[in-house]
Amino acid sequence: MSEAPVVQRPVSAERIHPGDLDLLVVPPRARTGWRVLPARVGAMCAVELQKLRHDRTELYTRAVQPALWLLIFGETFTRIRAIPTGGIPYLDYLAPGIIAQSAMFIAIFYGIMIIWERDAGILTKLLVTPTPRSALVTGKAFAAGVKALIQAVVVVVIAALLGVAMTWNPLRLLGVAVAVVLGSAFFSCLSMTIAGIVLTRDRLMGIGQAITMPLFFGSNALYPVAVMPGWLQAISKVNPLSYQVDALRGLLLGTHAHLALDYGVLALAAALGILSASSLLGRLAR
């Protein structure tokens, strides 16, 4: 009888050591300490931005309104010269305000999305995970900031095509991005806070529409604070949008600005907004 052929072991099997099999049954070490919160915030932000891959029409449709402001309102008032702008064309003066306005309009209705997630049962599942509520809110807030950045790029391109004299210094543009993200984070948290109070999309839509225009007209986006009546100047001083516009105008146009104060107010407003929205997130999920 002939001998049975000897079965050779695969080369790859000879290289497997018992310790290597631990990777298949032992989960990776979890992040601990200060690394937990940034990782969870980044994950939530990435999840929110993934939604843009499925539907980009929001980005295109939202570009129409700022384009109309620049083309119609800006061009008309540049010819009228009725608003004192410190010697710069009114269209140049208006462009940073429209960047802030378009970013605010994206963020101020962000609470509708979290109410939709509540109705779909997604929010309840997120709240039972180990992720802190502040990380959930912060991730959504900074995702709104990234969406607003895309909108800001569209406005900058339109303004450049219209001849607005803006800086292209990379450091200044980075400062513009930071101001846009911080402002959008505050307004998105304001929207989520309102959502935690009213609990329904219809009420949130009504309140959002009621406060957007007062926030816009009660800022220095369209005209200098000096030409406002006294009561409107008081509103402008407590309006975070005014500080965002002041920072954008100083960075893009090189006009006088109080950048340290502007960034300080925006950072404080964003932090308070995150705390407020986090405290009401549980009420929204009941």
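Residue numbers run consecutively from 1 along every chain, following the written order of its sequence. Thresholds applied to this predicted model are a pLDDT of at least 70 for local features of residues and 80 or more for the giving and counting of side-chain atom pairs; totals over whole chains, interfaces and linings are not thresholded and use all residues. Each side-chain value is derived from all of the structure's non-hydrogen atoms; neither hydrogens nor water enter the calculation.

Visitor: Please clarify how the overall build of the protein should be interpreted in this entry.
Guide: Summing up its helical and strand segments, the protein has 14 helices and 0 strands in all. Put simply, DSSP H or I for four residues or longer makes a helix, DSSP E for two residues or longer makes a strand, and each gets a number counted from the N terminus. Scanning the protein from its N terminus toward the C terminus, one meets helices and strands in the order α-α-α-α-α-α-α-α-α-α-α-α-α-α. Exposure categories follow from relative accessible area, calculated using a 1.4 Å probe and restricted to protein chains: below 20% of the type maximum is buried, above 50% is exposed, and the middle band is partly exposed. Counting the 286 residues in the protein, one finds 44% classified as buried. Long-range contacts, defined as pairs at least 24 residues apart, comprise 78% of the intrachain contacts of the protein with a sequence gap of at least 6. In this description, accessible areas are obtained by the Shrake-Rupley approach with a 1.4 Å probe, and a residue is regarded as covered only by the protein chains that are shown. Counting only carbon and sulfur atoms, one obtains 67% of the accessible surface of the protein, whose full area is about 15500 Å². A contact between two residues is defined here by any heavy atoms of the two lying within 4.5 Å.

Visitor: Where do I start with the side chain of D92 in this structure?
Guide: Topologically, D92 is positioned in helix 6 (residues 90-107). For the purpose of charge, His is not counted, nor are the chain termini; Lys and Arg are scored as positive and Asp and Glu as negative. When a carboxyl oxygen of Asp or Glu lies within 4 Å of a side-chain nitrogen of Lys or Arg, that pair is called a salt bridge. Although buried, D92 forms no salt bridge, and the nearest oppositely charged side chain, R249, lies 10 Å from it.

Visitor: Where do I start with the pattern of salt bridges in this structure?
Guide: Once their charged atoms are close, side chains differing in charge can pair, the charge on each being opposite to the other. This model, assessed by the stated rule, comprises 3 salt bridges. Residue E75 is joined to R79 by a salt bridge in which the shortest nitrogen-to-oxygen separation is 3.1 Å. Taken together, the residues E75 and R79, both in helix 5 (residues 64-80) and 4 residues apart, mark about one turn of the helix. A relative accessible area of 22% means that E75 is categorised as partly exposed. R118 serves as the salt-bridge partner of D119, at 2.7 Å between the closest nitrogen and oxygen. Residue D119 is classed as partly exposed on the basis of its relative accessible area, which comes to 45%. Because the salt bridges share partners, they merge into one network encompassing R118, D119 and R201.

Visitor: Would you mind showing me how to read the confidence of the model for the protein here?
Guide: When the pLDDT values of the protein are averaged, the result is 81; 79% of them are 70 or greater. Residue-level confidence of the predictor is what pLDDT reports, using numbers from 0 through 100. Here helix 1 (residues 11-14) stands out as the least confident element of the protein, with mean pLDDT 48; helix 13 (residues 240-253) is the most confident, with 94.

Visitor: Any chance you could explain unusual backbone geometry here in plain terms?
Guide: One can expect most non-glycine residues to show negative phi and most peptide bonds to be in trans. A positive phi angle is found at L199, which is not glycine, with a value near 75°. A relative accessible area of 25% means that L199 is categorised as partly exposed.

Visitor: Explain helix 5 here, please?
Guide: Counting along an α-helix, one turn takes 3.6 residues, and residues three or four places apart therefore face a common direction. To estimate the expected span of a helix, subtract one from its residue number and multiply by 1.5 Å. With 17 residues, helix 5 extends 24 Å from end C-alpha to end C-alpha; this agrees with the ideal 24 Å at 1.5 Å per step. Two axes define the bend at a residue: one fitted to the seven residues ending there, one fitted to the seven starting there, and the bend is the angle between them. Considering bend angle alone, the principal kink of helix 5 is centred on G74 and spans about 30°. Among the residues of helix 5, P66, A67, W69, L70 and G74 are the ones counted as buried. Among the structural elements, helix 6, helix 9 (133-161) and helix 11 (201-217) are those in contact with the buried residues of helix 5.

Visitor: Would you explain the nonpolar core in this entry?
Guide: As a rule of thumb, nonpolar side chains are buried together in soluble globular proteins. Grouped together as the largest cluster of nonpolar side chains are 65 residues, with contacts concentrated most on L70, I99, I114, V180, F187 and F216. Put simply, the parts of the chain that give this core at least two residues each are helix 5, helix 6, helix 7 (110-119), helix 9, helix 10 (170-198), helix 11, helix 13 and helix 14 (259-284). Ignoring sequence-local partners within four residues, the contact set of I99 consists of A152, V155, V156, V180, L248 and L252. Residues belong to a common nonpolar core when they are buried Ala, Val, Leu, Ile, Met, Phe, Trp, Tyr or Cys residues joined through side-chain atoms within 4.5 Å.

Visitor: Which parts of the structure should I look at to understand the packing of helix 9 against helix 14?
Guide: The relative placement of two packed helices comes down to the angle between their axes together with the axis-to-axis distance. Between helix 9 and helix 14, whose axes approach to 9 Å, the crossing angle comes to 120°. Relative to helix 14, the element helix 9 lies oblique. The chirality of how helix 9 crosses helix 14 is right-handed. Residues R133, S134, L136, V137 and T138 of helix 9 form the contact with helix 14, whose participating residues are I274, A277, S278, L281 and G282. Lines fitted to C-alpha atoms define the axes, with helix axes restricted to the stretch in contact, and inter-axis angles between N-to-C directions lie between 0 and 180 degrees. Just so you know how the angles are binned, under 35 degrees is roughly parallel, over 145 roughly antiparallel, 65 to 115 roughly perpendicular, and the rest oblique. In this scheme the crossing of two helices becomes right-handed for a clockwise turn of the near helix relative to the far one and left-handed for an anticlockwise turn of less than a right angle.

Visitor: Would you mind going over the packing of aromatic side chains with me for this structure?
Guide: The geometry of an aromatic ring pair comes down to the distance between the two centres and the angle between the two planes. Whether two aromatic rings pair depends on their centres lying within 6.5 Å, for rings of Phe, Tyr and Trp, where Trp uses its six-membered ring; planes under 30 degrees apart make the pair stacked, over 60 edge-to-face, and the rest tilted. All told, the structure shown has 8 aromatic pairs when counted by the stated rule. A centroid spacing of 6.2 Å and a plane angle of 25° characterise the contact between Y90 and Y93, whose relative ring orientation is stacked. With Y90 and Y93 both in helix 6, this residue pair falls 3 residues apart, about one helical turn. Pair check on accessibility: Y90 and Y93 agree, each one buried. The rule is short: NZ of Lys or CZ of Arg within 6 Å of the ring centre and within 35 degrees of the ring normal puts a charge over the ring. Here R249 stacks its cationic end above the ring of Y93, 3.6 Å away from the centre of that ring.

Visitor: Got a minute to help me understand the environment of A143 in this structure?
Guide: As for its placement among the helices and strands, A143 is situated in helix 9. With a relative accessible area of 0%, A143 lands in the buried category. The spatial distance from the C-alpha of A143 to the C-alpha of V181 is 8.7 Å, given a sequence separation of 38 residues.

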